[in-house]
Amino acid sequence: MVLDPPLSAPIIGRLTIIGVGLIGSSILRAAKARGLAGTLVAYDGAEAVRDRALALGLADLVAATPERAVRDADIVILCVPVGAMGAVAAAIAPHLKPDAIVSDVGSVKGAVVSALRAHLPANVHIVPGHPVAGTEYSGPDAGFAALFKNRWSILTPPEGTDPAAVQRLAALWTAMGANVETMTPEHHDLVLAITSHVPHLIAYNIVGTAADLEAVTQSEVIKYSAGGFRDFTRIAASDPTMWRDVFLNNREAVIEVLGRFTEDLIALQRAIRWAEGDKLFDLFTRTRAIRRSIIEIGQETAAPDFGRTHD
Ligand SMILES: NC(=O)c1ccc[n+]([C@@H]2O[C@H](COP(=O)([O-])OP(=O)(O)OC[C@H]3O[C@@H](n4cnc5c(N)ncnc54)[C@H](O)[C@@H]3O)[C@@H](O)[C@H]2O)c1
Ligand SMILES: O=C(O)C(=O)C[C@]1(C(=O)O)C=C[C@@H](O)C=C1
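Reading guide: rules and limits
Residues numbered from 1 in each chain as written. Chains lettered and ligands numbered in written order. Predicted model: local features only at pLDDT ≥ 70, side-chain atom pairs only at ≥ 80, totals over all residues. Heavy atoms only, no water. Helix = DSSP H or I, 4+ residues; strand = E, 2+ residues; numbered from the N terminus. Polar contact = N/O pair within 3.5 Å; in protein donor to acceptor, adjacent residues only side chain to side chain. Axes fitted to C-alpha atoms, helices over the stretch in contact; angles between N-to-C directions. Parallel < 35°, antiparallel > 145°, perpendicular 65-115°, else oblique. Left-handed = near helix turned anticlockwise from the far one by under 90°. Contact = heavy atoms within 4.5 Å. UniProt positions renumbered as here; feature names shortened; annotations may be inferred. Domains from an automatic or database assignment. Buried area = accessible area lost by both parts, 1.4 Å probe. Salt bridge = Lys/Arg side-chain N within 4 Å of Asp/Glu carboxyl O. Nonpolar A, V, L, I, M, F, W, Y, C, P; charged D, E, K, R; others polar.

**Let's talk about the side chain of Asp74**
When you line up the elements, Asp74 lands in the loop between helix 3 (66-70) and strand 4 (75-78). A polar side-chain atom of Asp74 sits 3.5 Å from the main-chain amide nitrogen of Gly13.

Structure representation (structure tokens):
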């Protein structure tokens with residue numbers, strides 16, 4: 001997957017990325033590859049990450065403080081774990097220029113919107129976002145420029161946000177290859193609970209259960225994990241800080257979806273207990289069709305409408 005060639009002129013003057021991990025470094029790489037900003041600035045709370053960002057040449061300036069990083073920035077994107085968004089917003093708030101756009105890439109939106117609004121001044125534009133693209137790896141070495149190509153980037157601007165600011169951020173994501181969609185934070189959090197958050201919880205749980213089972217020793221887990229279990233271990237290798245913060249900040253939607261999921265699981269358990277093969281066969285046929293339709297439209301990250309019925 002390759003990005004389009006560089007633009008003839010930048011579309012942003014100064015772009016600042018706070019948090020140079022998988023997502024932050026991917027934005028820097030994509031922006032650099034396509035020449036999207038006049039000046040690229042990076043800051044990370046960890047000195048080792050700042051040193052690595054310098055060594056990798058990810059930005060024109062790797063700032064030593066958040067204050068310095070956001071000075072004169074036209075767009076600032078917070079790429080830190082969801083639980084750190086409020087503290088970062090508080091640290092940069094007094095140093096932002098009027099009319100700057102402040103965005104983020106957090107996997108949860110309602111809690112982040114509240115955290116940003118609580119700390120940022122009224123003279124900046126808050127346009128929260130979430131690129132629905134990632135991997136199980138973290139850190140500045142894990143990023144790559146084409147991460148967002150043909151993936152969704154969801155923007156959740158609070159009511160009353162200047163449409164021109166939303167448009168400028170959308171243009172940045174489009175230039176990085178993403179397809180942009182706008183929705184409310186609440187809708188985002190419910191959709192992502194089913195398509196991303198609960199699937200991760202299921203993966204963490206099944207791998208934990210397997211590891212705890214006496215009969216399945218560590219070596220057997222590895223030895224026989226060529227099939228479906230291996231896919232779960234990939235997801236369950238995702239960053240613990242990031243995912244702790246996701247679940248702590250999207251509790252309501254995750255608990256709602258988990259309730260539905262648990263009911264459906266119990267129904268499957270009953271079908272197995274009573275040897276109701278037709279029920280199992282019907283569900284598996286329906287889910288196979290969903291997978292095939294996702295592949296057909298080339299959108300492996302699209303949210304399927306499961307349309308499950310309860311008995
Ligand atoms: N990993 C994914 O698949 C994925 C996909 C989409 C969105 N996201 C979201 O993107 C954000 C970043 O995730 P990531 O995978 O890039 O994480 P990461 O662990 O690779 O990088 C996060 C970086 O933030 C830095 N950081 C943490 N607290 C900080 C603070 N207070 N001030 C400055 N820097 C700080 C860390 O040192 C680290 O370098 C999260 O909010 C996550 O929910 C992740
Ligand atoms: O592909 C993966 O490894 C991911 O988990 C990426 C994934 C997802 O669930 O789709 C994870 C969290 C994000 O907020 C967005 C994307």
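**Focus: the packing of helix 7 (residues 185-212) against helix 10 (residues 240-249)**
It is at 11 Å that the axes of helix 7 and helix 10 come closest, and there the two elements cross at 125 degrees. The angle between helix 7 and helix 10 places the two elements in the oblique class. For the pair helix 7 and helix 10, the crossing hand works out as left-handed. Between helix 7, through Ser196, His197, His200, Leu201 and Tyr204, and helix 10, the contact on the second element is made entirely by Trp243, Val246 and Phe247.

**Brief notes about the UniProt feature "transmembrane region" (unreviewed entry) in the chain**
Taking the numbering used here, the UniProt-annotated feature "transmembrane region" (unreviewed entry) corresponds to residues 12-31 and 75-93. Split by type, residues 12-31 is 50% helix and 35% strand. Its first and last C-alpha atoms lie 10 Å apart. Across residues 75-93 one finds 42% helix and 21% strand; the C-alpha atoms that close the span lie 13 Å apart.

**Let's talk about the domain arrangement of the chain**
Entries for the chain in the domain assignment read domain 1 (12-183) and domain 2 (187-274). Counting residues at the interface gives 17 residues for domain 1 and 15 residues for domain 2. Summed over both sides, the interface between domain 1 and domain 2 buries roughly 1200 Å², with carbon and sulfur atoms accounting for 65% of that surface. Among the residues domain 1 hides against domain 2, the three largest losses belong to Ser107, Val108 and Glu136. Together they make up 41% of the total. Here domain 1 and domain 2 share 1 salt bridge between them. We note a salt bridge from Arg234 to Glu136, for which the minimum N-O separation is 2.6 Å. Where domain 1 touches domain 2, the interface holds 6 residue pairs in polar contact (both at pLDDT 80 or more). Across the side of domain 1 that touches domain 2, the residue classes tally to 8 nonpolar, 7 polar and 2 charged.

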